[in-house]
Amino acid sequence: MLDSSSSEDTGGESDLEPQRKPDASSSAEKRETGPPGSQQLRSATPGSLAGKSTKVNSATDEEQEKRKRESIQKEEEERKIKLQIYVFVLRCIAYPFNAKQPTDMSRRQQKVNKQQLQAVKERFLAFLNGETQIVADEAFCNAVRSYYEGFLKSERISRMVQSGGCSANDFREVFKKNIERRVRSLPEIDGLSKETVLSSWIAKYDAIYRGDEDLWRQPQRAHLSAVSELILSKEQLYEMFQQILNIRKFEHQLLYNACQLDSMDEQAAQIRRELDGRLQLAEKIAKERKYPKFVSADMEALYVEELRSSVNLLMANLESLPVSKGGPDFKQKLKRSTIVIMEVQGLKSVAPDRMVYCTMEVEGEEKLQTDQVEASRPQWGTQGDFTTTHPLPSVKVKLFLESTRVLALDDKELGKVILNPTTNGPKHTEFHRMIVPKNSQDTELKIKLAVRMDKPPNMKHSGYLYAMGQRVWKRWKKRYFVLVQVSQYTFAMCSYREKKAEPQELMQLEGYTVDSCEPRPGLQGGRVFFNVLKEGDLVMFACDDEQERVLWIQAMYRATGQSYKPILHPKNKTPNCRGGNQKLTSPISLDPSQRQAVEKLISASPCQFDHAALFTILQKHTLQHRMNDSFSCLGWFSPGQVFVLDEYCARYGVRGCHRHLSYLKELMDYSENNALVDPMLLHYSYAFCASHVHGNRPDGIGTVTMEEKVQFEAIRSRLIALLENQITHFRYCFPFGRPDGALKATLSLQERVLMKDITTPVPPEDMKKLVQRCLEQAAQINYSQLIEYAKIKVEHQVPPEKRLEDMMRLGELCIEVLQQNEEHHSEAFSCWPELMAEHAEKFLSLYRADMEAALQVQSIDSWNSFPLFQLFNNFLRTDPHLCNGMFHKHLQDLYIPLVVRYIDLMELAIAQSIHRSFQKETWQPVNNGSATSEDLFWKLNTLQMFVMDLHWPEPEFAKHLEQRLKLMASDMMEACVKRTKSAFDAKMQKVCKSTDSLLPLSVCTMFNVLIDAKNQCSKLCVLDSEQEIDGQWQQYHSKIDVLIDEALKDIITSLVSKFAAVLNGVLSKLSRYDEGTFFSSVLSFTKPRMDLADTYTSFVRQNQDILHRGVSDELYIETVFDQWYTDSMRAICVWLTDRLDLQLHMYQLKTLINIVKKTYHDFRLQGVQDSTLNIKSYETIYNRLTMEEATVAVKAGDGLRGISTRDSDVEDD
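Computed from a predicted model, the values in this text were never measured in an experiment.

## Description of the overall build of the chain
Thinking step 1. When its secondary structure is counted, the chain shows 36 helices and 16 strands.
Thinking step 2. Looking at the chain as a whole, 47% of its 1213 residues qualify as buried.
Thinking step 3. In the chain, of all internal contacts separated by at least 6 residues, the share reaching a separation of at least 24 is 72%.
Thinking step 4. Taken as a whole, the chain presents about 62700 Å² of accessible surface, with 50% of it coming from carbon and sulfur.

## Here's the deal with the sheet that holds strand S10 (residues 459-469)
Thinking step 1. As summarised here, the arrangement of the seven strands in space is S13-S12-S11-S10-S16-S15-S14, forming an open sheet in which the pairing is antiparallel. The sheet is open, and its two edges are formed by strand S13 (505-508) and strand S14 (513-517), each paired on a single side. Shown here is a sheet whose adjacent strand axes are inclined to one another by a mean of 35°, direction ignored.
Thinking step 2. As paired elements, strand S15 (residues 528-534) and strand S16 (residues 537-543) share seven bridges and run antiparallel to each other. Paired with phenylalanine 530 across the strands is phenylalanine 541, a residue of S16.

## Considerations on the packing of aromatic side chains
Thinking step 1. Using the criterion set out here, one finds 56 aromatic pairs in the structure.
Thinking step 2. Plain terms: the ring middles of phenylalanine 88 and tyrosine 652 are 5.0 Å apart, the flat faces sit at 50° to each other, and that makes the pair tilted. A residue pair is termed long-range when its members are at least 10 positions apart, and phenylalanine 88 in helix H3 (residues 46-94) and tyrosine 652 in helix H16 (residues 639-652) qualify at 564 residues. Across the pair, tyrosine 652 and phenylalanine 88 agree in class, each one buried.
Thinking step 3. Note on phenylalanine 530 and phenylalanine 541: the rings are 5.4 Å apart at their centroids and 20° apart in plane angle, and the pair reads as stacked. Pair noted here: phenylalanine 530 is in strand S15 and phenylalanine 541 is in strand S16, with a separation of 11 residues, a long-range link.
Thinking step 4. Ring pairs connect the aromatic residues Phe124, Phe127, Phe140, Tyr147, Phe151, Phe171, Phe175, Trp201, Tyr205, Tyr209 and Phe736, which therefore count as one cluster.
Thinking step 5. The cationic tip of arginine 156 hangs over the ring face of phenylalanine 736; the distance from NZ or CZ to the ring centre is 4.3 Å.
Thinking step 6. Sitting over the ring of phenylalanine 431, lysine 446 keeps its end group 5.4 Å from the ring centre.

## Examining helix H26 (residues 886-919)
Thinking step 1. Helix length check: H26 (34 residues) gives 50 Å between terminal C-alpha atoms against 50 Å at 1.5 Å per residue, within 8%.
Thinking step 2. Of all the bends in H26, the greatest, near 35°, is centred on tyrosine 895, and the proline proline 897 appears no more than four residues after it.
Thinking step 3. All buried positions along H26 are accounted for by Phe887, His888, Leu891, Gln892, Tyr895, Val899, Tyr902, Ile903, Ile910, Ser913, Ile914 and Phe918.
Thinking step 4. Buried residues belonging to H26 abut helix H24 (833-856), helix H25 (866-876), helix H27 (931-950) and helix H28 (955-989).

## Considerations on the confidence of the model for the chain
Thinking step 1. Summarising the model, the chain shows a mean pLDDT of 83, and 86% of its residues fall at 70 or more.
Thinking step 2. For residues 570-587, every residue scores under 50 in pLDDT, and the model assigns this stretch 26 contacts once sequence neighbours within four places are set aside.

## Notes on the pattern of salt bridges
Thinking step 1. The tally for this structure, following the rule as stated, stands at 41 salt bridges.
Thinking step 2. Between arginine 655 and glutamate 708 there is a salt bridge; the shortest N-O distance is 2.6 Å. Of this pair, arginine 655 sits in the loop between H16 and helix H17 (656-672) while glutamate 708 sits in helix H19 (residues 706-728), placing them 53 residues apart in sequence. For the pair shown, arginine 655 and glutamate 708 are each scored as buried.
Thinking step 3. Among the salt bridges present, the one from aspartate 806 reaches lysine 802, with a minimum N-O distance of 2.8 Å. Taken together, the residues aspartate 806 and lysine 802, both in helix H23 (residues 800-825) and four residues apart, mark about one turn of the helix.
Thinking step 4. Exposure remark for aspartate 806: the relative accessible area of 5% places this residue in the buried category.

## Let's talk about unusual backbone geometry
Thinking step 1. Cis geometry is adopted by the peptide bond preceding proline 739, which originates at arginine 738 and carries an omega value of -5°.
Thinking step 2. Mapped onto the secondary structure, proline 739 falls in the loop between helix H20 (730-733) and helix H21 (742-754).
Thinking step 3. The backbone of tryptophan 923 sits at a positive phi, close to 60°, despite the residue not being glycine.
Thinking step 4. In this structure, tryptophan 923 sits in the loop between H26 and H27.
Thinking step 5. Of the residues examined, tryptophan 923 reaches a relative accessible area of 9% and is grouped as buried.
Thinking step 6. Even without being a glycine, asparagine 927 presents a positive backbone phi close to 55°.
Thinking step 7. For asparagine 927, the location among the structural elements is in the loop between H26 and H27.

## Observations concerning the pairing of S16
Thinking step 1. With six of seven residues buried, S16 is to be regarded as a mostly interior element.
Thinking step 2. Sheet topology places S10 next to S16; four bridges connect them, and they run antiparallel. Note on S16: the bridge partner recorded for tyrosine 466 is alanine 542.
Thinking step 3. Taking the residues between adjacent antiparallel strands as the criterion, S15 and S16 are bridged by two residues, where glycine 536 takes a positive phi near 85°.

## So, the packing of H28 against helix H29 (residues 1001-1020)
Thinking step 1. In the contact formed by H28 and H29, the axes pass within 10 Å of each other and the chain directions differ by 165°. As far as their axial angle goes, H29 and H28 are roughly antiparallel. For the crossing formed where H28 meets H29, the hand is left-handed. Every residue of H29 that contacts H28 at Leu965, Lys966, Ala969, Met973, Cys976, Val977, Thr980, Ala983, Phe984, Lys987 and Met988 is listed here: Ser1002, Val1003, Met1006, Val1009, Leu1010, Ala1013, Gln1016, Cys1017, Lys1019 and Leu1020.
Thinking step 2. Of the residues contributing to the contact of H28 with H29, the split by class is 15 nonpolar, three polar and three charged.

## Some details on the nonpolar core
Thinking step 1. In this structure, Leu810, Tyr847, Phe1007, Leu1055, Leu1107, Trp1124 and Ile1132 are the most contacted members of the largest nonpolar core, which totals 122 residues.
Thinking step 2. The leading source of residues in this core is helix H30 (residues 1031-1071), at 14 residues.
Thinking step 3. Isoleucine 1132 has contacts with Leu1063, Leu1067, Leu1152, Ile1155, Val1156 and Ile1181, leaving out every residue within four places of it along the chain.

Analysis parameters
- Residues numbered from 1 in each chain as written.
- Predicted model: local features only at pLDDT ≥ 70, side-chain atom pairs only at ≥ 80, totals over all residues.
- Heavy atoms only, no water.
- Helix = DSSP H or I, 4+ residues; strand = E, 2+ residues; numbered from the N terminus.
- Buried < 20%, exposed > 50% of the residue type's maximum accessible area, 1.4 Å probe, protein only.
- Contact = heavy atoms within 4.5 Å.
- Areas by Shrake-Rupley, 256 points an atom, 1.4 Å probe, with all protein chains shown as cover.
- Pairing = 2+ DSSP bridges.
- Axes fitted to C-alpha atoms, helices over the stretch in contact; angles between N-to-C directions.
- Phe/Tyr/Trp six-rings, centres within 6.5 Å; stacked < 30°, edge-to-face > 60°.
- Lys NZ or Arg CZ within 6 Å of the ring centre and 35° of its normal.
- Expected span 1.5 Å × (residues − 1).
- Bend = angle between axes of the 7 residues up to and from the residue.
- pLDDT = per-residue confidence, 0-100.
- Salt bridge = Lys/Arg side-chain N within 4 Å of Asp/Glu carboxyl O.
- Parallel < 35°, antiparallel > 145°, perpendicular 65-115°, else oblique.
- Left-handed = near helix turned anticlockwise from the far one by under 90°.
- Nonpolar A, V, L, I, M, F, W, Y, C, P; charged D, E, K, R; others polar.
- Core = buried A, V, L, I, M, F, W, Y, C linked by side-chain atoms within 4.5 Å.

Structure, rendered in structure tokens:
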């Protein structure tokens, strides 16, 4: 086991550190502490009891120590398992060949935590209090207030946030859904579309939600959990699974180096060894017949075939990975050979001012040349790049002297050097002695240069070796060898000659094993030996360096794929995985025990482990890490996690059914602990397992173990219970319909789980009964939760008013719950709308019991409970499923007696008020009538509006109520009209008939009462046009209309007759001037004045003004004036007709002319039509007065003194 004490780890506290021993003082205190009463026993028998106490305490200490040791041992074992799992995970990440990180997964939203929820609440509350700069209208403020009260302050949202399944997008979608309903109900506004309003409101919501966050702050380095939704690099995946498995940095570094994860060759070789081990395991199982227990014995042979086919598939996947771009042939095209020429030394035979240069070439390639420099300073630093297909090329570098002679064709060669570089040769510059011509004086000529050769990807190792075999390389000879990888499973040992692109001899390493060996006597050349062995064939190799032998053995060990690991020289450490000569260096020093622990972890054969159990642990910790990160994942893994788990399952043969069964267990654990899990995820995993167990083979595996079947049945039973619980608690498991579509997916999954196999569907009645049972329980749970939330206590000590107030508040909450169910959850239950109606009825029935108890304690004469009826009736009558349902009908039956009694009492009260009020009536004008009439009409109208606002849902009773109220209004109005008429008659009898009398204002008030009664009758006494009106009702209504019309007619007639009586008095006074009477002869000697005409004219005008000011209806005023004018003209006409044979007295003529002229003018000003003014009576009067005027003019000249009928239509000055 690794120990952190050997290195400086900057990580967290170590889980591997030994547990500290318990403190001696604490153990001593425990030993001194005893059960009650022990002190008395100790004093009674101090010796024996003390000895027993010591033994008991020591036994307790030993038991505690034993438990601690077991706990430490268990933790150590778990730690070892995690490290072993991490080794396998490292290999999956380092060299994946089955899976890729998915790019089509849905991006998950960031979680909203408790602190963020509180901050959002404060921001919305600040907006509602007007503490922000956001401008909004009243409609938006109401929407935000409803959202704040109903959503943000909801306990269900707090639970959802606590479960980690709530994101800012959920908040936004709920608000958007709420305002869409509100905006659709608003009236249309010209020039402003509702979509524009929605966009504006959403923008304001976003501004409120963000608050005063600094949008311009510098972005910090993103934490790993913040980028987990992206495609991760290998380093990020390493870091993620270090966190998942609680692996420290130094442990990761040790395992990384030991596993040689940066060597793709080593990882590919490890895969080949693993696959070979799995094939051997399959053969061993078939040979020893150690099969798992299957549901059918016929699956045993199929099981081995499945193991083989899965390994063959992995081999095919591995083989499909490209090795290099060189193709299947053995020609090695070196991408780059670099020659760097630095300087030349020992050049003495050339004059210093002569020009020299160098050329360089690789066999078969283009020749390159350096710049020309003076011989005194032969330095260049020139680099030449070549490509070649020769593993052992020939490189020529020559030094030339520029010829100055005119006829010289070629420059003089001063020296040359020929090199045969290899990929393992030195990379730095070195001096090489040059070959000079025979007659050259520069015998010590040297050139400083470097030749570097890049190694192609499929060249795994190369170098000079001595070799001898039975089939190839039959002579012990030193050759240049190259280990070539043709494909993932094909390697060849090739020997090359100088300047040759094709191998001279080659041997494929398939089936061979490599190991070091002792030197073989009789062979000359080579110091350290190793061999490759195959049945019937042995090839011996030797080299001069131990390190070189280690490199060759390791490279060939990777190529052969053998399970047996070669034994290297104990004094030499494992070389660098990249094939260089550098030894493994680690900043962490390990002692032998730690090194042994690391070696044990990385050298453990994967076939020896139960990868199903290991994967269960890995998946459990991965899901735990995922559920605790900053994303609302709902149980979905991140792309990087899916990639690693897929690769692990494919590489180590974890059965798909086991993977999904363990996944289901973990997801259900989280769901049972109130964490939000996407039911689609449960559905997918369950469908996979069900198809596998029932033989549909979704992953190509046809065998089903008994363990899988038992686990599946257990999970199925558990899942049925879990889903039933979620459906029952749908308001709390899926608050406000979030996550979107989760409840509908849960119902679909429940239907899938109830299927006994994959082909037989669940009978619809069975599913319906299950949903019905869940919804019945949900009604009880929702109501009890609502009672608890409302904090309502049903106690006898509570006052009736408080109980009714509580019921009102509880009723509002019940309606809100039903509306939320309809808005957010009805779509999921759309297949069973009647069940949702039953759920609502059950929910309301629970409320009914409390409502009845509250109503029973109310006073018999209390009408405060009617708003409760209106509250529920307004909601229920608009719901097609609940209208006239059980609760609705019971509510009607409960309130019918109350409504009837209320109407009876109101009818009695109104009748009594009519009797009392009319006795005390002063007939002072109030609004459109008197105080009594206004009070009567207001009471009748209020009563009818109250009953109308009840919106009684049952048509027959609603019709009955309306007819009764209309009849009552008719009766009350009839009484009012009769009382008013009698009061009018009594008042008119007291009015005198002289011109000095004025019409009392109370008479106008009475007139107005009847007019108002006429107007109110059409509203209070007429049925709605939608109802059928029977003959009896029509006859009754006509009766009250006739009564009012006759009363108005009588009042008008009485008024006109009173006015006519005054006119008759005036005419009777004029009769005294009739020709031939005694009074006329006497009065002829006097000088009569025009007071009579003036007083009558004043009487008319004053009463006209009184009627105009006192009567409210212009139409009836015109009727009075028309009849008054008509009767006046008729009376004057009759008076003149009676004196047709007599000549009018001068005074009579003047008075009549004034009266007729001013009466005509006054009534014209009052709006009397010309057709009425110029009636036949007026024309007769006008003609008679005109004739009398002419007669007087003939007899007396200007006896009328300017009074004439000709201008009777013009006002006198």
